[in-house]
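The lines below spell out each chain.
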Amino acid sequence: MAIVTSSQPPCQSLQAGTWVKLICGASYQDMPTVRRLVMIYALAGVDCVDIAADRAVVLAARQGLEDAAALAPYLAPYLYADRQDLRTNLPWLMVSLNDSEDPHFRKAEFDAKGCPINCDRPCEAVCPTAAIQFQGVGEGGVIRDLCYGCGRCLPICPVDNITAQYRQAKPEDFSGDWLHLIDAVEIHTQTGRQREFSALWQQLTAWMPQLKLVSISCPDHDQVVPYLGQLHQIIAPLAVPLIWQTDGRPMSGDLGRGTTHATIRLAQKVLGAGLPGYVQAAGGTNSYTVNKLRELGLVHHHSNHAGHAGPSVNGQTREAVGSIAGIAYGSYARALVMPLLGAMDTDVQTWLAAVEARQSFDKSSLSRSCSWIEPKPLAIDQAIDHQSALMQALGLARGLVGLLKDGGAA
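A.B. asks: Whenever I open this one, the packing of aromatic side chains confuses me. Can you help?
C.D. replies: Inspection of the entire model under this criterion finds 4 aromatic pairs. Between Tyr28 and Tyr148 the ring centres are 6.4 Å apart and the planes differ by 85°, which places this aromatic pair in the edge-to-face class. Taken together, the residues span a long stretch of sequence, with Tyr28 in the loop between β1 (19-23) and α2 (31-44) and Tyr148 in the loop between β6 (139-142) and β7 (163-166) at a distance of 120 residues. Judged by its relative accessible area of 2%, Tyr28 falls in the buried class. Overall, the relative accessible area of 5% leaves Tyr148 in the buried class. Between Phe110 and Phe134, the aromatic rings sit 5.7 Å apart at their centres with planes inclined by 35°, giving tilted as the arrangement. Remark: Phe134 occurs in strand β5 (residues 132-136) and Phe110 occurs in the loop between β4 (106-109) and α4 (122-126); sequence separation between them is 24 residues.

Quick look at the structure:
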């Protein structure tokens, strides 16, 4: 099958080694937060957003992309040049599926009636999204939409009252009329699951004409390289780019800079194997990751010439072999801006209303006589408060994305 080439910035970023993905969480279903996270990181310049395979989450993410596209023209000085017109250059929207039980697809669960009265509730303190909440003695539990399955509460419960409930995200959960909302798919798998992976891949046949990218996420194992080679045999030939996501230490990037070492080790292993496809670091990634990758010579920005033929099934250039194509940020990226999301919501609503008013005025003025003059709505690009929560969040997100995009220049 012929390789699908694209002039879109996401595809160009893969080829250039500057691909950045935001991971919202395969089990995270807090729609208002997803919408704002997607908006901020789309403005900041990510190439892809990875979300739960849930229709409501997909719609929330799409709304976040629309919000970003509406605001982008007024924030042009703070955005990458190729993202100032997000109407035509939106990040790709990716949904995550799993071929079997996987920690990304779980929710914590417990009955508060089983909690000791004098418990210090360490689970509540350790939860990164405040998904565990108590209302009183024997009352409370896990707010499912807020839980993304990090598992930090499981070993810390003094009476083992917390359990993990796993689920499988299946292709049939999305009917054909929903596929146009999805640009890419990521399959979470583990070594030794050839049969399960193959079965899931067969189910994805109907998705292939819609997809622009396929990603395979797999944790480390002493047989991971042969396993990935077997998976490539199952999916080949592939007409779209392929990413190997090296999931070093899942859902841990916000715990400290040392969590990045596992993903770097796995990235080195997969790069050394020379598998066809792009390699993307994930799992424990944070602000330390790119600098460490650079120290090891694993980050290189490459020229990107349209029509250049590469040696792999996804058009990867020869100069890109031996270096990562990109990086995915999950828990660290979310934690970075999460404290600002609530405070910035008023700004966002005000700005979006101003955009709508301006657009309405522009449309109506075209149908009016030139002799009739009406005051133009206030230009929001002249009313930007650089100390606002919105601009602070954008600055933080832009700084993180810029670590790979431009060497850290915000």
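After presenting the structure, the write-up continues.
A.B. asks: What is the right way to look at helix α3 (residues 55-71) in this model?
C.D. replies: Because each turn of an α-helix spans 3.6 residues, side chains separated by three or four positions in sequence point in the same direction. Spanning 17 residues, α3 covers 25 Å between terminal C-alpha atoms, matching the ideal 24 Å at 1.5 Å per step. Counting buried positions along α3 yields 12 of 17 residues, so the element is predominantly enclosed. Those residues of α3 that fall on the buried side of the exposure criterion are Val57, Val58, Ala60, Ala61, Arg62, Gly64, Leu65, Asp67, Ala68, Ala69, Ala70 and Leu71. Two or three places before Ala56, at the opening of α3, Asp54 has a side-chain oxygen 2.9 Å from that residue's backbone nitrogen.

A.B. asks: So what exactly am I meant to see when it comes to the nonpolar core here?
C.D. replies: Nonpolar side chains in soluble globular proteins tend to be buried together. Core analysis: the biggest nonpolar cluster contains 117 residues, and Tyr41, Ile51 and Trp207 have the highest contact counts within it. Sequence-distant contacts of Tyr41, that is, excluding residues within four places in its chain, are made with Leu22, Val46, Ala333, Leu336, Val337, Ala397, Leu400 and Val401. In this structure, Cys11, Leu14, Tyr278 and Ala325 belong to the second largest nonpolar core, which totals 11 residues.

A.B. asks: Explain unusual backbone geometry to me, please; I cannot follow it from the model alone.
C.D. replies: A negative phi angle is the norm for most residues apart from glycine, just as the trans form is the norm for most peptide bonds. Here the amide bond leading from Ala236 into Pro237 is cis, since omega sits at -5°, within 30 degrees of zero. With respect to the helices, strands and loops of the structure, Pro237 is situated in the loop between α6 (224-235) and β10 (242-247). Despite not being glycine, Ala130 has its phi angle at roughly 55°, a positive value. Looking at the secondary structure, you find Ala130 in the loop between α4 and β5. In this model, Asp160 sits at a positive phi of 50°, which is unusual for a non-glycine residue. Tracing the chain through its elements places Asp160 in the loop between β6 and β7.

How each quantity is defined
- Residues numbered from 1 in each chain as written.
- Predicted model: local features only at pLDDT ≥ 70, side-chain atom pairs only at ≥ 80, totals over all residues.
- Heavy atoms only, no water.
- Phe/Tyr/Trp six-rings, centres within 6.5 Å; stacked < 30°, edge-to-face > 60°.
- Helix = DSSP H or I, 4+ residues; strand = E, 2+ residues; numbered from the N terminus.
- Buried < 20%, exposed > 50% of the residue type's maximum accessible area, 1.4 Å probe, protein only.
- Expected span 1.5 Å × (residues − 1).
- Polar contact = N/O pair within 3.5 Å; in protein donor to acceptor, adjacent residues only side chain to side chain.
- Core = buried A, V, L, I, M, F, W, Y, C linked by side-chain atoms within 4.5 Å.
- Contact = heavy atoms within 4.5 Å.

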